[in-house]
Amino acid sequence: MKPPPFGYHAPRTVAEALAALAAAPSGKVLAGGQSLVPLLNMRLAAPSDLVDVNRIAELDTLRAGPDGVRVGALARHARVERSARAAAVQPLLGQALRHVAHPVIRNRGTVVGSLAHADPAAELPAVLAVLDGTVEAASTRGRRTVPAAELFAGPLESSLEPGELAVSAFFPALPPRTGTAFAETARRHGDYALAGVAAVVTLDEDLRVSAARAGYLGVSATPLVLDLAGPAGPRGDWAAAAAHVRERVDPESDIHAGAVYRRHLTGVLTERACAAATAEARRRAGE
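Below is a summary of the structure that appears in this document. All values reported here derive from a predicted model rather than from experimental measurement.

## A look at the layout of surface pockets
Step number 1: Of the voids in this model, the largest pocket is the one considered here, and its volume is about 1,400 Å³.
Step number 2: Lining of the largest pocket is provided by 47 residues; of these, Ser 35, Leu 36, Gly 113, Ala 116 and His 117 occupy positions nearest its centre.
Step number 3: For the lining of the largest pocket, the element with the highest residue contribution is helix H7 (residues 111-117), accounting for 5 residues.
Step number 4: Looking at the lining of the largest pocket residue by residue, the class counts come to 24 nonpolar, 16 polar and 7 charged.
Step number 5: The volume enclosed by the second largest pocket comes to roughly 600 Å³.
Step number 6: What lines the second largest pocket is a set of 25 residues, among which Ala 121, Ala 193, Asp 254, His 256 and Arg 262 lie closest to the centre.
Step number 7: In the lining of the second largest pocket, the residues fall into 12 nonpolar, 5 polar and 8 charged.
Step number 8: A domain-level breakdown of the lining of the second largest pocket finds at least three residues from each of domain 2 (58-172) and domain 3 (178-285).

Written out as structure tokens, the structure reads:
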């Protein structure tokens, strides 16, 4: 299979990349290319131009600080997955990245590229959504910060505008006495998940549940975030929370799984991930 014809640009600075994108409103950004290149080869995408940002050193960054983890547009999945500093500040990133495809894909694919691709079956959009993270977008018109709640517009559709480049993503740090966990089920390890959940649980000083949120993938057109603190109660009744989730998800059937099975699976994964996140929150509270 061969891609359709396109213009090719290889900028070495962000300013050059933005100028190229401004001149080609239907152009696409090439970073890791693990999703874009197959779409091109199958002729499911036909951009007028490709703007290859792989030579822009200023985008190849990964910074972990007290406030959170900022991932540059060229930081590969594998780099973020293996970063001890990133894991200490926001462990949910590494927990989710271990489920992304296979090592050879993670060695090339990028965190920010996955977010911009906006696949509702992908792990990282759910992580960004449940953490209330943000993406910084730049264009020749300036820069803006896009909250996760506004980033994902539909399946494979983000709110990034023509001419914009997603230059970084920010994942906030965990509050005190907070634990995280990630769980998903796929037909084979590395396949797209039939359903998945990213859980974040916070305890109060008496080690009772004070906050609980879960982000879901594979069960809606965009990442779905549900507040589970009420259904679970202060004692963390995750079976009740799972029942609450089953009533609120509305997955679709496809060739891989039916809607009824996906709904059941979402509840099972909720209970499993929230229990693990609670255990981690208790461990962190005892440090």
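That shown, we press on.
## Brief notes about the sheet that holds strand S1 (residues 7-9)
Step number 1: The sheet built from 3 strands is open, its strands ordered S1-S3-S2 with parallel pairing. Edge strands, defined here as strands with exactly one partner in the open sheet, are S1 and strand S2 (28-30). The sheet shows a mean angle of 25° between the axes of neighbouring strands, direction not considered.
Step number 2: As defined by bridge partners, S1 adjoins strand S3 (residues 49-52) across 3 bridges and the pair is classed as parallel. The residue of S3 that forms the bridge with Gly 7 is Asp 49.

## A short note on the pairing of strand S4 (residues 62-65)
Step number 1: Taken together, the 4 bridges between S4 and strand S5 (residues 68-72) define a ladder with antiparallel strand orientation. Following the sheet pairing, Leu 62 is matched in S5 by Val 71.
Step number 2: Once S4 ends, the chain turns through 2 residues before running back antiparallel as S5.

Scoring rules and cut-offs
- Residues numbered from 1 in each chain as written.
- Predicted model: local features only at pLDDT ≥ 70, side-chain atom pairs only at ≥ 80, totals over all residues.
- Heavy atoms only, no water.
- 1 Å grid on protein atoms, 1.4 Å probe; cavity = no way out; pocket = protein on both sides within 12 Å on 5 of 7 lines; lining within 4 Å.
- Points joined across faces, edges and corners; volume = space filled by probe spheres on them.
- Helix = DSSP H or I, 4+ residues; strand = E, 2+ residues; numbered from the N terminus.
- Nonpolar A, V, L, I, M, F, W, Y, C, P; charged D, E, K, R; others polar.
- Domains from an automatic or database assignment.
- Pairing = 2+ DSSP bridges.
- Axes fitted to C-alpha atoms, helices over the stretch in contact; angles between N-to-C directions.

That is the geometry; function is a separate question.
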